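Reading the structure
Here is what each chain is made of, one letter per residue.
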Amino acid sequence: MNILKQSSIIMVLLVIHSRFVSAQWIEVVTGYPFYFTDATFYDELNGVIVGNESLITTHDGGNFWTKLQFDSIDFVEVIFTEDSTMYSIASLSGPSHQILRSVNLGDTWISLNPIPAGSSSIRSINFINPDTGMVAFEHFLYKTIDGGDNWSEIWGSGGFLTWFNLVGQDSIKMLQTNSFNGYIYESTNGGGNWQNLNFNDDLELLFETNDQPIDFSDWNHGHFVFGNYYYSTDGGVSWNGIPYYYDQGEETDFQKIECPSDSVCYVMALNIPYAPIILKLLNHGETIIKTDFPDIGNGGVTSLHCLNDTFCYVTTSNGRLFVTKNGGGVVAITETAQNDFPFSFYPNPAIDQLHLSFNFMQGNKTFATITNLMGVQLLSEPLNASDPVIDISILPPGIYFIGLKTDEGSEVNKFMKQ
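From a predicted model like this one, the values you see are computed outputs, not experimental measurements.

**Examining the sheet that holds strand E26 (residues 301-306)**
As summarised here, the arrangement of the four strands in space is E1-E28-E27-E26, forming an open sheet in which the pairing is antiparallel. This sheet does not close on itself; its edge strands, each paired only once, are strand E1 (26-28) and E26. Ignoring strand direction, the axes of neighbouring strands in this sheet form an average angle of 25°. Of the pairings in the sheet, the one linking E1 to strand E28 (residues 321-324) comprises three bridges and is antiparallel in character. Its bridge partner lying in E28, glutamate 27 is registered against phenylalanine 322.

**Some details on the state of the cysteines**
Taken as a whole and assessed by the stated rule, the structure comprises two disulfides. The side chain of cysteine 259 participates in a disulfide bridge whose partner is cysteine 265; the two sulfur atoms lie 2.0 Å from each other. The sign of the S-S torsion, about 105°, decides the handedness of the disulfide formed by cysteine 259 and cysteine 265: right-handed. One exposure class covers both cysteine 259 and cysteine 265, and it is buried. In this model cysteine 306 forms its disulfide with cysteine 312; the gap between the sulfur atoms is 2.1 Å.

**A few points about the packing of aromatic side chains**
All chains considered together, the criterion is met by 21 aromatic pairs. Taken together, the aromatic side chains of Trp155, Tyr183, Tyr185 and Trp194 make up a single cluster linked through ring pairs. Seen from the ring of tryptophan 219, lysine 173 lies directly overhead, with NZ or CZ sitting 3.9 Å from the centre.

**Section: the pattern of salt bridges**
All chains considered together, the criterion is met by six salt bridges. Note that lysine 325 is salt-bridged to glutamate 44, the shortest N-O span being 3.5 Å. Separated by 281 residues along the polypeptide, lysine 325 in the loop between E28 and strand E29 (332-335) and glutamate 44 in the loop between strand E2 (36-41) and strand E3 (47-58) bring together distant segments of the chain. The partner of aspartate 149 in a salt bridge is arginine 101, and the shortest N-O contact between them spans 3.9 Å. With a gap of 48 residues between them, aspartate 149 in the loop between strand E10 (140-144) and strand E11 (152-156) and arginine 101 in strand E6 (residues 96-102) connect regions that are remote in the sequence. Assessed through its relative accessible area of 34%, aspartate 149 is described here as partly exposed. Look at arginine 101 and you get buried, because its relative accessible area is 17%.

**Let's talk about unusual backbone geometry**
The amide bond that connects isoleucine 272 to the next residue, proline 273, takes the cis arrangement and shows omega of 15°. The topology assignment puts proline 273 in the loop between strand E23 (264-270) and strand E24 (277-282). In the Ramachandran plot, glutamine 248 falls in the positive-phi region, its phi being about 55° despite a non-glycine side chain. With respect to the helices and strands, the residue glutamine 248 is situated in the loop between strand E20 (246-247) and strand E21 (250-251). Overall, glutamine 248 belongs to the partly exposed group, its relative accessible area being 49%.

Thresholds applied
- Position labels on residues start from 1 in each chain and follow its written sequence.
- Where local features are concerned, this predicted model is filtered to residues with pLDDT of at least 70; where side-chain atom pairs are given and counted, the filter is 80 or more; whole-chain, interface and lining totals use all residues.
- As a rule here, side-chain values come from all non-hydrogen atoms in the structure, and water together with hydrogens is ignored.
- Here, a strand pair is defined by DSSP locating no fewer than two bridges between the strands.
- In this text, helices come from DSSP runs of H or I with a minimum length of four residues, and strands from runs of E with a minimum of two, each type numbered from the N-terminal end.
- Where helices are involved, their axes are fitted lines through C-alpha atoms of the stretch in contact, as for all axes, and angles between N-to-C directions lie from 0 to 180°.
- The disulfide definition used here is simple: a pair of cysteine sulfur atoms within 2.5 Å.
- For every residue, the accessible area (1.4 Å probe, protein chains only) is compared with the maximum for its type, and the residue is labelled buried under 20%, exposed over 50%, or partly exposed between those bounds.
- To pair, rings of Phe, Tyr and Trp, with the six-membered ring standing in for Trp, must have centres within 6.5 Å; the planes then decide the type, stacked if under 30 degrees apart, edge-to-face if over 60, and tilted in the middle.
- For a lysine, the NZ atom is tested; for an arginine, the CZ atom; a charge sits over a ring if that atom is within 6 Å of the ring centre and within 35 degrees of the ring normal.
- A side-chain nitrogen of Lys or Arg and a carboxyl oxygen of Asp or Glu constitute a salt bridge if their distance falls within 4 Å.

Scope: geometric values only; no functional claims are made or implied.
This is the structure in structure tokens:
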């Protein structure tokens, strides 16, 4: 190899490395280090964090925060709806609960009518718009269509409501667990009728936590973590898993998941005695990126949320907030073995074109997609079986993923563009 070509390759690698180093999670200092239980951002400027007896708001992206004090009220969760309206749920001393609403991005709050849920613990809240929402307790699910002024029970049982999601105006997904197994239910008429999609006899421990074990990016595409990652493309009827993920030589425990789109999910994983890590899963776990999430010491991750595929934020139990606007950076990349549709390509590194080789089945349509390390799709086009070539001349130098998808299956591989 001549010296000029060798120097060029070194420069490309240095540019790539510098991009990895600059991409990271940034700690946003609030000045109020109480126990953070949850956070939500309406956009990059307006956000709210809730926790023990306190709620703080920002309207400038986290540079300045205002604290609201609430005696004997421990906030559980807070959400934005489609406008500046917000809802939050809280536990009071004793078997009491409270739902609060704000119409000015969290600056002032009013208490709504109480829900008759007895001594059951309040768990989660979800609104599809400012009027229509639901709130879950351990054994009950309630719905409102007037912004929380009135509530009606749409589910009650002896099991534990571990998770639910209001996917549409009348479309609901729900996970119920008990001491023996877990069940996934759905309703398409606002909770009037429920269909049991399946059961899993490995979910009996989920009722003990307030983690977010399931996320549906849409009605058909579900993502589920219970130790490992599983995904569904049929609404939750059947689930497929990926090989277990190992960090520092030890098997990790996936506990929280957030999927801003079907192709990108973020997962909080634990590998005791090490600190929590944040992983980014691309294309149903075909590629796992360990992001540049910092060691948070003796704190635990209490919430994980994303505005889109690259803007995410994490709260911790020791009062810290971390935000990424570029996908969290890259520490390591793992490609899982999912050879449903194996293919090869050359050259790698490539300059202007990628030449592909695969078994083309007559009558099948084959599509190639190229995404960057953040999971953002940059190119997508059908392939010609007689001359399967992809023009990558418009891409800047860097590392990318190329994926092939056909009726027979799919696969993703990594390549470098010089």
